[in-house]
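Descriptive structure summary
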Amino acid sequence: MKTLTRLQIQAYRSSPWLAGAAFAWFILFLVVPLFIVAVYSLGLRGTYGGVTFSAGLTPENYARILDPIYFGVFLRSLGLSMMTSVSCLLIGYPMAYVMATARKRYRNLLMVLVVIPFWTNFVVRTYALKAALAENGPVNRWLIAAGWLHEPFVFSGTTFAVWLGMVTNYLPFMVLPLYVALEKFDFTLLEAAGDLGASPTTRFFRILLPLTRRGVVTGLIFVFAPALGEFVIPDLLGGAKTLLVGNLITDQFLKVRDWPFGAALSLVLIALVCISLRVSFRSARSAS
């Protein structure tokens, strides 16, 4: 039996305390707030806002979510989040492939170029995109100069602007896990398949994509989960025309002051994210 060093002994002794601290942090800052939100979701809005339990615990707020207006907001949010995830995958996979197959001296440079957007504040990046898509912004000027447009096109306040804002902001979350998966891939398998007569399409769908499926699933999770609850980008680029569930929850808490209904919306959103994560993890496990 190998002799344990003093540092290893101290680590074994301190691990129960570390586990206890992590468990206490989990209970205090996750379970307790979720429990409070769950209780609030079963109340009713007070006369001047807040929460009242004068009618006891009631599931009325969850029934309101089935209203066509609110249910349509959920469907719109799900559709836009899926569209954003797929778009990031289609754009990010070639980017990650180029990074993984580039020479080692260029990989760090390409990695920096992908991470550079994180050096700028999220809101600043969104406002920059809003300025670029403005009626007199550079995008409209270039399109008019190229002859593709005869008059400025109003991008702001459209679903396209919200989709573009999500893609540009969440694309690095897709590229990085794909790059990790592709960097570990043995590209000699593709060369061997090519020598045996496999076409590029067959090599991609039968070899490369299945063996990097974990990176694909991880990237989809990293993009879909935050995009589903996004409220800053729709608020700045979409306005009232593209109301998503994140904006709906924000309005219920800060403007309407209907905290019980906002709490119910929040719990349903968390449930949707958990279900999507569960499906994604099972898909990734079946790929191994």
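For the structure itself, look to the data block above.
All values derive from a computational prediction rather than experimental measurement.

What follows deals with the overall build of the protein. Across its full length, the protein holds 13 helices and two strands. For the protein, whose C-alpha radius of gyration is 24 Å, the value lies well above the compact-globule estimate of 19 Å for 288 residues. The C-alpha extent of the protein, read off along each of the three principal axes, is 80 × 75 × 35 Å. Expressed as a percentage of its 288 residues, the buried residues of the protein come to 33%. For the protein, the share of sequence-separated contacts (at least 6 apart) that also reach a separation of at least 24 residues comes to 66%. Approximately 17800 Å² of the protein is accessible, and the part contributed by carbon and sulfur atoms is 69%.

Moving on: the pattern of salt bridges. Charged atoms that come close allow side chains of opposite charge to pair. This model, assessed by the stated rule, comprises three salt bridges. Among the salt bridges present, the one from R64 reaches D258, with a minimum N-O distance of 3.0 Å. Of this pair, R64 sits in helix α2 (residues 60-65) while D258 sits in the loop between α12 (245-254) and α13 (259-287), placing them 194 residues apart in sequence. When its relative accessible area of 27% is taken as the criterion, R64 is described as partly exposed. Look at D258 and you get buried, because its relative accessible area is 6%.

Taken as a whole, the largest pocket holds about 310 Å³ of empty space. Lining the largest pocket are 15 residues, with M82, L220, F224, S276 and S280 positioned closest to its centre. Sort the elements by how many residues they give to the lining of the largest pocket and α13 lands first, with seven residues. A per-class count over the lining of the largest pocket returns eleven nonpolar, four polar and no charged.

With that out of the way, let us pick up the packing of aromatic side chains. Scanning all chains against the criterion turns up 13 aromatic pairs. Ring geometry for F118 versus F173: centroids 5.3 Å apart, planes at 90°, classification edge-to-face. Remark: F173 occurs in helix α7 (residues 159-183) and F118 occurs in the loop between α4 (104-115) and α5 (122-132); sequence separation between them is 55 residues. Between the aromatic rings of F253 and W259, the centroid separation amounts to 6.4 Å while the plane-to-plane angle is 45°, which identifies the pairing as tilted. Residue class for F253 comes out partly exposed when judged on its relative accessible area of 26%. Residue classification places W259 among the partly exposed residues on the basis of a relative accessible area of 29%. These aromatic residues form a ring-pair network of at least three members: F153, F155, F160 and W163.

At a closest axis distance of 11 Å, the pairing of helix α8 (residues 188-195) and helix α9 (residues 200-211) adopts a crossing angle of 160°. Relative to α9, the element α8 is oriented roughly antiparallel. Remark: the crossing between α8 and α9 carries right-handed chirality. Residues L189, L190, A193 and G194 of α8 form the contact with α9, whose own contacting residues are R203, I207, L208 and L211.

Our focus in this paragraph is unusual backbone geometry. The phi dihedral of R257 falls on the positive side, at around 60°, and the residue is not glycine. Relative to the helices and strands, R257 resides in the loop between α12 and α13.

Within the secondary structure layout, S87 lies in helix α3 (residues 68-101). Residue S87 is classed as buried on the basis of its relative accessible area of 13%. Sequence-distant contacts of S87, defined by excluding residues within four places in its chain, comprise W163 and V167.

Moving on: a nonpolar patch on the surface. Where nonpolar side chains cluster on the molecular surface, the patch consists of L109, V112, L113, I116, F118, W119, F173 and F222 and spans about 770 Å² of accessible area. For the nonpolar patch, the element with the highest residue contribution is α4, accounting for three residues. Locating V112 in the fold gives a position in helix α4.

Membership of the largest hydrophobic core comes to 34 residues, with the highest contact counts inside it found for Y93, V162, M166 and L178. By residue number, the principal contributor to this core is α7, which donates eleven residues. Those residues in contact with V162, other than ones at most four positions away along the chain, are L80, I233, P234, L237, G238, T242 and L244.

Quick notes on the rules
- Residues numbered from 1 in each chain as written.
- Predicted model: local features only at pLDDT ≥ 70, side-chain atom pairs only at ≥ 80, totals over all residues.
- Heavy atoms only, no water.
- Helix = DSSP H or I, 4+ residues; strand = E, 2+ residues; numbered from the N terminus.
- Rg over C-alpha atoms; globule rule 2.2 N^0.38 Å.
- Buried < 20%, exposed > 50% of the residue type's maximum accessible area, 1.4 Å probe, protein only.
- Contact = heavy atoms within 4.5 Å.
- Areas by Shrake-Rupley, 256 points an atom, 1.4 Å probe, with all protein chains shown as cover.
- Salt bridge = Lys/Arg side-chain N within 4 Å of Asp/Glu carboxyl O.
- 1 Å grid on protein atoms, 1.4 Å probe; cavity = no way out; pocket = protein on both sides within 12 Å on 5 of 7 lines; lining within 4 Å.
- Points joined across faces, edges and corners; volume = space filled by probe spheres on them.
- Nonpolar A, V, L, I, M, F, W, Y, C, P; charged D, E, K, R; others polar.
- Phe/Tyr/Trp six-rings, centres within 6.5 Å; stacked < 30°, edge-to-face > 60°.
- Axes fitted to C-alpha atoms, helices over the stretch in contact; angles between N-to-C directions.
- Parallel < 35°, antiparallel > 145°, perpendicular 65-115°, else oblique.
- Left-handed = near helix turned anticlockwise from the far one by under 90°.
- Patch = residues over 30% accessible without salt bridge, like charges linked within 9 Å, V, L, I, M, F, W, Y side chains within 5 Å.
- Core = buried A, V, L, I, M, F, W, Y, C linked by side-chain atoms within 4.5 Å.

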